[in-house]
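Listed below are the residues making up each chain.
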There are 6 protein chains.
Amino acid sequence: MNKTTVVYPGSFDPFTEGHLNIIARAAGIFEKIIILVGHNSSKKTTLSTKERVSLIVEVTKDYTNVEVESFNGLLVDYIRKKGVRTILRGMRCHSDFEYELQMATANKLMDKEVETLFMVTESQFSHISSSLIKEIISLGGSAKGFVPAVVEKKLIEKLRPEEKRRK
Amino acid sequence: MNKTTVVYPGSFDPFTEGHLNIIARAAGIFEKIIILVGHNSSKKTTLSTKERVSLIVEVTKDYTNVEVESFNGLLVDYIRKKGVRTILRGMRCHSDFEYELQMATANKLMDKEVETLFMVTESQFSHISSSLIKEIISLGGSAKGFVPAVVEKKLIEKLRPEEKRRK
Amino acid sequence: MNKTTVVYPGSFDPFTEGHLNIIARAAGIFEKIIILVGHNSSKKTTLSTKERVSLIVEVTKDYTNVEVESFNGLLVDYIRKKGVRTILRGMRCHSDFEYELQMATANKLMDKEVETLFMVTESQFSHISSSLIKEIISLGGSAKGFVPAVVEKKLIEKLRPEEKRRK
Amino acid sequence: MNKTTVVYPGSFDPFTEGHLNIIARAAGIFEKIIILVGHNSSKKTTLSTKERVSLIVEVTKDYTNVEVESFNGLLVDYIRKKGVRTILRGMRCHSDFEYELQMATANKLMDKEVETLFMVTESQFSHISSSLIKEIISLGGSAKGFVPAVVEKKLIEKLRPEEKRRK
Amino acid sequence: MNKTTVVYPGSFDPFTEGHLNIIARAAGIFEKIIILVGHNSSKKTTLSTKERVSLIVEVTKDYTNVEVESFNGLLVDYIRKKGVRTILRGMRCHSDFEYELQMATANKLMDKEVETLFMVTESQFSHISSSLIKEIISLGGSAKGFVPAVVEKKLIEKLRPEEKRRK
Amino acid sequence: MNKTTVVYPGSFDPFTEGHLNIIARAAGIFEKIIILVGHNSSKKTTLSTKERVSLIVEVTKDYTNVEVESFNGLLVDYIRKKGVRTILRGMRCHSDFEYELQMATANKLMDKEVETLFMVTESQFSHISSSLIKEIISLGGSAKGFVPAVVEKKLIEKLRPEEKRRK
């Protein structure tokens, strides 16, 4: 078992500059990082699983020790199957703290070998939430500084369909 | 530079069952853990630096990848000198969150190569604070379950001097 | 008016080990506890009111001073009609705190005779939320330790209909 | 540019006694306050934009330096167009704090000239939320003390249609 | 064992209108309330134990089911000796929540029969802290509304000795 | 009475880049800002009142609508005497929130004409606390980015007396 492989799970709908900052920093600490895009058929997302995986692959292509995968099921099942034991999560704020605590504890209850490591989001990225970004874009604003350019372009396509039609 | 060595700094006055739980879990994830006992001449502690180091060495003796050191100065200076770049910290609760965020950010501002990883304290240890333990012992209570037995013995010696004299 | 009867209201969708722990402890303090299952026609629940009442009756059958009822309406109206004046609520974490504060204050504004007493959920149960349990079960995981066995069985029936069909 | 005009944005679904208290206090500090009723076609509200604007106009009619407008779009776009640069927001509790921090930061990222000023809701109004008020009214309770009388009347019309029919 | 006797412990340095509000409400719920004034020789207080007990006796004299005692030692030891098992505490805000959670858990670890019940401080009293009151009085301000009149008088004697001398 | 004069009170021991950022932003919103340096004989500060006033005067000299004063007493008394009614405060994080809420409420209780306006500290300054800065400097670190250069120089003189002697 490779001790220094970590799984970085999320819905990444969309993948933000904050997520990218975590990856950039983690890439220098861990041997391998698997970005795991969750797809849950009961939750509606703006971007499809395929679109999210494809955007993350493009945005993280300079990091040779980063892989992107998708899964549908319990995170602990994925982790056991892969033979890794460490989850990496970013934490932005107080409300994240409580949710993350709950998830880390639940995962540990389901498999006591699983550990979760947290990195704190750097302050300039700490006020970026996926839902806020989507609201700004759907109201016609710019998400520059919040998401990488390719992600913004894709979100505009999805959230402002009238613009696409006009072109 | 060894990517998987982490420094676990603290005042450890005293080292609790909560700290020990973090070490036990971290020992399975990282190649080497350096427990770094801070000694700051301007802060009064119940246990001397020497006593704290000695208790931690005893309590963690079964973990072959754990070392105990002490330092006096800025953590980032220690880290640079040692050639490590990763700090490990436990997080128990909301009020920890804000303090840890501040420290992690300050350390990053002083040396942008430094990263801090957090592990969440398991729930049964999450309500243990060093000051509460010392208050319980000084009022004649038992700290069993809060600190390892050797630590409790030493704290009783320090905080209930009258008992020692009576013996 | 019986001063030591308390009403323990909730949606209990589902009733968890955390709820059961509150009941077990409260049963030793108060003369009678009425577990009040709220049913609000505008909110969709996984378990019907009848199923929830029936599961709670089974799970709490060893406590002779515990009764289970359901209601549809304002809690203060129920309380006034019953002649009790004390509400019991569990509190797990910071985000509970704010919601509970709001509810306790609102109830007091509507009837200043009404008081709310809180018990803090024990740490091993503090990271259990109803929505997390349902997510784990729907993804094929085990909720052992989170909910009593009869509750888990019923949730599997509801949330994994394909399994039922296969049998 | 008028330095002392502030925009007080919100969905105001409904406008509460807490909002009114902020306006009463702000009216003594700022030269002009524009209450800006957001209408977002993708979010369903209980009261229509027209109803909300009309209720607020009536409730604030004694304040000569208060105006009521509605908008559909990004707040920073409205602000730029109007030539104001200061947003006023009320803050009730911890969970407000995080959301408000996120909004203030996002607005500043989109237009660095924009500033947000906060007033803390007075304690007797700090536990009033729009969703709680609507729940109380729909369950047949009284919202006296939570919302002005005309607002309560309108909400009863909307949330208890059967009463209206019976009359 | 009397199930409805509760112990209300604190340092009460000084006893505030917020404390009095908790007592007034609790007096209607519990059969007997013992206000327990902690005296810890290692902590310096503004008012002596004797002064605090005497002020609380005076201020609560209209409640026939309220007693005032003082203790020096572990709360769980007092509780066991008295044969009660329930602690009552007020909770004002988020930062109280974390401290109270820690104390309730520690007390339960030391004696698993001990339960802590919480009442939420009413909003008009929720911003009153003992240290703030003492700061206001020492700077020459009035603490009317924060503490009962007899308490304010005593605090002025203690914290503005020059006034006493001048008289 | 001038509606747009605000008082920005604090101990400013030391005045940080975070404080300066608030002043820079407030200078564009309000007609006049009085920075009020509190001096309380019972609280020990690293820098004297005179030193703090002098440093702030130097650091804010480019803002023509900013004045620096010092006071000893209750803030509401100063405000009444000056004929202003609005306090400005910065808010960095959750723990600030609770303290600020308490102070704003207490000031309002003592003089109901007094209002407090808050500005949220920008994220890059939100992890700067006066005590952390002093700890870093006393341990030999650099506070560049945390405090203006003249403030750092003065703190080094105060907190590393041995360096001064060696020169």
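A few words now on the overall build of chain A. Helix and strand counts for chain A come out as seven helices and five strands. In chain A, the succession of α and β elements from N to C terminus is β-α-β-α-β-α-β-α-β-α-α-α. For 167 residues, the compact-globule estimate of 2.2 N^0.38 gives 15 Å, and chain A sits close to it at 16 Å. A total of 167 residues make up chain A; the buried ones form 59% of that total. In chain A, of all internal contacts separated by at least 6 residues, the share reaching a separation of at least 24 is 73%. A total of about 7,300 Å² of accessible surface is found on chain A, and carbon and sulfur atoms cover 50% of it.

Now for the packing of aromatic side chains. Within this structure, the stated rule accounts for 18 aromatic pairs over all chains. Ring centres 6.0 Å apart and planes at 50 degrees place the aromatic pair Phe71(C) and Tyr78(C) in the tilted group. Looking at Tyr78(C), the relative accessible area reads 6%, which means it is buried. Plain terms: the ring middles of Phe12(D) and Phe15(D) are 5.5 Å apart, the flat faces sit at 55 degrees to each other, and that makes the pair tilted. Neither Phe12(D) nor Phe15(D) differs from the other in exposure class; each is buried.

Looking at the element boundaries, Gln124(C) is found in the loop between β5 (115–120) and α5 (130–138). On the accessibility criterion, Gln124(C) (45% relative accessible area) is partly exposed.

Take chain A, turn it by 180 degrees, move it 0.0 Å along the axis, and it overlays chain B with an RMSD of 0.0 Å. Taken together, the rotation and translation describe the operation of a two-fold axis. In terms of C-alpha distance to the rotation axis, chain A has Phe118(A) as its closest residue, with the C-alpha 2.4 Å off the axis.

Residues and elements named next belong to chain F. Along the chain, Asp 111 falls in the loop between α4 (94–110) and β5 (115–120). On the basis of relative accessibility, which here comes to 12%, the residue Asp 111 falls in the buried class. Not counting residues up to four positions away in its chain, the partners in contact with Asp 111 are Val 76 and Arg 80.

With that settled, consider the pattern of salt bridges. Per the stated rule, a full pass over the model turns up 78 salt bridges over all chains. A salt bridge links Arg25(F) to Glu122(F), with the nearest nitrogen and oxygen atoms 3.6 Å apart. Taken together, the residues span a long stretch of sequence, with Arg25(F) in helix α1 (residues 17–26) and Glu122(F) in the loop between β5 and α5 (130–138) at a distance of 97 residues. Taking relative accessible area as the criterion, Arg25(F) reaches 10% and is therefore assigned buried. Residues joined in a network through salt bridges with shared partners are Arg25(A), Glu122(A), Lys108(B) and Glu115(B).

Contact residues are listed per partner, giving four residues for chain A and four residues for chain F. With both chains or domains summed, chain A and chain F bury close to 300 Å², and 64% of this area falls on carbon and sulfur atoms. Looking only at chain A, the three residues that lose the most surface to chain F are His94(A), Ser123(A) and His127(A), adding up to 93% of its buried area. At the boundary of chain A and chain F, one finds zero salt bridges. Our count for the chain A to chain F interface comes out at zero residue pairs in polar contact (both at pLDDT 80 or more). For the side of chain A that touches chain F, the per-class residue count stands at no nonpolar, four polar and no charged.

Glancing now at α5(F). For α5(F), the set of buried residues is Leu132(F), Ile133(F), Lys134(F), Ile136(F) and Ile137(F). One or two positions beyond α5(F), positive phi appears at Gly140(F), with a value near 95 degrees.

By a simple turn and slide, chain A fits onto chain F: the slide is 0.0 Å along the axis, the RMSD is 0.0 Å, and the turn is 180 degrees. Comparing contact sets, 100% of the residues at the interface of chain A also lie at the interface in chain F, consistent with an isologous, same-surface contact.

Residues and elements named next belong to chain A. For chain A, per-residue confidence averages 89 on the pLDDT scale, and residues scoring 70 or more make up 95% of the total. The least confident element of chain A is helix α7 (residues 161–166), whose mean pLDDT is 66; the most confident is helix α2 (residues 49–59), at 97. Prediction confidence for the complex, expressed as pTM and ipTM, is 0.90 and 0.89 respectively.

This part is about the interface of chain A and chain B. Each partner contributes residues to the interface: chain A has 25 residues there, and chain B has 25 residues. Summed over both sides, the interface between chain A and chain B buries roughly 2,400 Å², with carbon and sulfur atoms accounting for 67% of that surface. It is Ile29(A), His94(A) and Phe97(A) that lose the most area in chain A upon contact with chain B, and together they represent 26% of the buried surface on that side. Inspection of the region where chain A meets chain B yields three residue pairs in polar contact (both at pLDDT 80 or more). For the side of chain A that touches chain B, the elements supplying multiple residues, two or more each, are β4 (86–91), α4 (94–110) and β5 (115–120) of chain A. In terms of residue count, β5(A) provides more of the side of chain A that touches chain B than any other element does, six residues in total. For the side of chain A that touches chain B, the residue count by class is 12 nonpolar, five polar and eight charged.

A few words now on the environment of Leu55(F). Residues and elements named next belong to chain F. Structurally, Leu 55 can be placed in helix α2 (residues 49–59). Judged by its relative accessible area of 8%, Leu 55 falls in the buried class. The spacing of Leu 55 and Phe 12 is 43 residues in sequence and 9.9 Å in space, taken between C-alpha atoms.

The step from Asp13(C) to Pro14(C) runs through a cis peptide bond, and the omega angle for that step is 10 degrees. The backbone of Phe12(A) sits at a positive phi, close to 50 degrees, despite the residue not being glycine. Of note, Phe12(A) is situated in the loop between β1 (5–10) and α1 (17–26).

On to the packing of helix α5 (residues 130–138) of chain B against helix α6 (residues 149–159) of chain B. All names here are of chain B. Two numbers describe how α5 lies on α6: the axes approach to 9 Å, and their chain directions differ by 65 degrees. α6 is crossed by α5, and the crossing has right-handed handedness. Here α5 contributes Ile 133, Lys 134, Ile 137 and Ser 138 to the contact with α6, which in turn contributes Glu 152, Leu 155, Ile 156 and Leu 159. Grouping the amino acids of the contact of α5 with α6 by side-chain chemistry returns five nonpolar, one polar and two charged.

Now for the environment of Phe15(A). All names here are of chain A. Inspection of the secondary structure puts Phe 15 in the loop between β1 and α1. A residue is classified by how much of its surface remains accessible, and Phe 15, at 2% relative accessible area, is buried. Between the C-alpha atom of Phe 15 and that of Glu 115, which follows or precedes it by 100 residues, the distance is 23 Å. Those residues within four positions of Phe 15 in sequence are excluded, and the remaining contacts are Leu 20, Ile 23, Ile 35, Ile 56, Val 59, Thr 60, Val 147, Pro 148 and Val 151.

Calculation notes
Residues numbered from 1 in each chain as written. Chains lettered and ligands numbered in written order. Predicted model: local features only at pLDDT ≥ 70, side-chain atom pairs only at ≥ 80, totals over all residues. Heavy atoms only, no water. Helix = DSSP H or I, 4+ residues; strand = E, 2+ residues; numbered from the N terminus. Rg over C-alpha atoms; globule rule 2.2 N^0.38 Å. Buried < 20%, exposed > 50% of the residue type's maximum accessible area, 1.4 Å probe, protein only. Contact = heavy atoms within 4.5 Å. Areas by Shrake-Rupley, 256 points an atom, 1.4 Å probe, with all protein chains shown as cover. Phe/Tyr/Trp six-rings, centres within 6.5 Å; stacked < 30°, edge-to-face > 60°. Least-squares fit on C-alpha atoms with pLDDT ≥ 70 in both. Salt bridge = Lys/Arg side-chain N within 4 Å of Asp/Glu carboxyl O. Buried area = accessible area lost by both parts, 1.4 Å probe. Polar contact = N/O pair within 3.5 Å; in protein donor to acceptor, adjacent residues only side chain to side chain. Nonpolar A, V, L, I, M, F, W, Y, C, P; charged D, E, K, R; others polar. pLDDT = per-residue confidence, 0-100. Axes fitted to C-alpha atoms, helices over the stretch in contact; angles between N-to-C directions. Left-handed = near helix turned anticlockwise from the far one by under 90°.

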